[in-house]
Amino acid sequence: MTATEPVTHDLTTRPKDTVDPARVEAFAGQILGAIADASTALTLSIGHRTGLFDTMAGLPPSTSDEIATAAELHERYVREWLAAMLVGGIVEHDPAAGTWSLPPEHAAVLTREAGKDNLAKLAQFIGLLADVEHQVVRCFREGGGVPYEAYAEFHALMAEDSKDVAEDLLVDEVVPLVDGLAERLTRGIRVADIGCGSGHHLNVLALAFPSSTFVGYDFSADAIEEGRAAASSRGLENARFELRDVTDLSGTGPFDLVTAFDAIHDQAHPASVLRGIADQLAADGMFLMVDIRASSHPHENVDLPTAPFLYAVSLLHCMTVSLAQEGTGLGAAWGRQTATQMLHEAGFASVDVRELDGDFINDYYVARLGSPAGTA
Ligand SMILES: C[S@@+](CC[C@H](N)C(=O)[O-])C[C@H]1O[C@@H](n2cnc3c(N)ncnc32)[C@H](O)[C@@H]1O
């Protein structure tokens, strides 16, 4: 074929015997499974939002009436939801007794009591993304992106997710990942959090390390307001929040530690932000970048259990919000290889990538301006 010949994708021109009917059937089953799982994800989200999982975790096997009464919800809706949960393999049902129950092993990953292990709260992102599907489809045809403002609930969901991780892991597991960091924070250092959102990470650190000073930057006025309110309700005098586009960090430093929790990959101009962070660090400072765990090569993510979710979140949020600002649209699965290269290009001489057992979504990048021999 010459370079000018059109490529045909017309299956009718292929010999019939190249289509394996068993493979077609198996694949159709796979697609039906995907649609079924997506449907279960949406109804899982409803179970979280309505508090039904929390209610059921505290009840013995109960009728739909009893569950609806305990949850203060309308029985007809609860009954239909219970049926969805049964066929989705989430709850158990005794047809003779007319009762429904949530096994404790399922409650362990579906209730608010489960904290950071509560996966039902993650299911809420499916509805959030579905909300902008039409706008994203339009972008396939017309280009551009869907702006942050289109996601009414984004900051609330992000804050709900970050809160548990921040409270369960940050001080006891994330800080110790970096040699000497706990000691420096205890003695007192200057810390900035980039794209701080509603400020859970910053406030948790400020509470744990009162001798250090913390500033959070974000360009969402609502998120900054929430961060301020939370800091003031905890009486934190060492934490402040500033409304700022972090594409320009000039005049903010120097900082001994800069953190970014899931806030680099959806930047419009991530390379400029990384350079700005490097510029604002003290010579012996460090950058802790927590970002999505993935390879930069899609074929290496095929066996990553979170990958379908990551690419969906990227397509329907992270990539498109960046493109909406005429940004680079890096995407959530920019991956270790690209992230490490970009950190080096921004001026970080040493980049270590660590994993945390309790966090299956993120990698932890510890980047320093000096050589790897440098200590915290
Ligand atoms: C995925 S959220 C993470 C928020 C928070 N760090 C957390 O973990 O909950 C990314 C955050 O970056 C903020 N952001 C994105 N681009 C920004 C920019 N150029 N300047 C300031 N904030 C930005 C968004 O408003 C959002 O709060």
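Calculation notes
Residues numbered from 1 in each chain as written. Predicted model: local features only at pLDDT ≥ 70, side-chain atom pairs only at ≥ 80, totals over all residues. Heavy atoms only, no water. Buried < 20%, exposed > 50% of the residue type's maximum accessible area, 1.4 Å probe, protein only. Helix = DSSP H or I, 4+ residues; strand = E, 2+ residues; numbered from the N terminus. Arc of directions from axis to C-beta. Contact = heavy atoms within 4.5 Å. 1 Å grid on protein atoms, 1.4 Å probe; cavity = no way out; pocket = protein on both sides within 12 Å on 5 of 7 lines; lining within 4 Å. Points joined across faces, edges and corners; volume = space filled by probe spheres on them. Nonpolar A, V, L, I, M, F, W, Y, C, P; charged D, E, K, R; others polar.

To continue, consider helix 3 (residues 64-71). The periodicity of an α-helix, 3.6 residues per turn, causes residues three or four positions apart to be oriented the same way. Buried residues of helix 3: S64, I67, A68 and A71, and no others. Around the axis of helix 3, the buried residues are gathered within 95° of arc, so they sit on the same side. At its buried positions, helix 3 is contacted by helix 2 (52-57), helix 4 (75-87) and strand 2 (99-101). Immediately downstream of helix 3, the backbone of E72 shows phi near 60°, a positive value.

Computed from the structure, the second largest pocket encloses a volume of approximately 530 Å³. If one sorts the elements of the lining of the second largest pocket by residue count, helix 13 (residues 307-324) sits on top with four residues. Here the residues of the lining of the second largest pocket are counted per class, giving 17 nonpolar, two polar and no charged.

This part covers the environment of H200. Tracing the sequence through the fold places H200 in helix 10 (residues 200-208). As a C-alpha pair, H200 and D54 span 146 residues in sequence and 23 Å in three-dimensional space. Excluding its chain neighbours within four sequence positions, the residues that come into contact with H200 are A159, S162, K163 and A166.

The next thing to look at is empty space enclosed by the protein. Under the criterion given, the structure shown has one cavity of 30 Å³ or more. By volume, the largest cavity is sized at about 40 Å³. As for the largest cavity, its lining consists of L170, V174, V175, L181, L185, L205, L257, T259, F261 and L288. For the lining of the largest cavity, the elements supplying multiple residues, two or more each, are helix 8 (154-174), helix 9 (181-187) and strand 6 (255-261). The greatest single-element share of the lining of the largest cavity, amounting to three residues, is contributed by strand 6.

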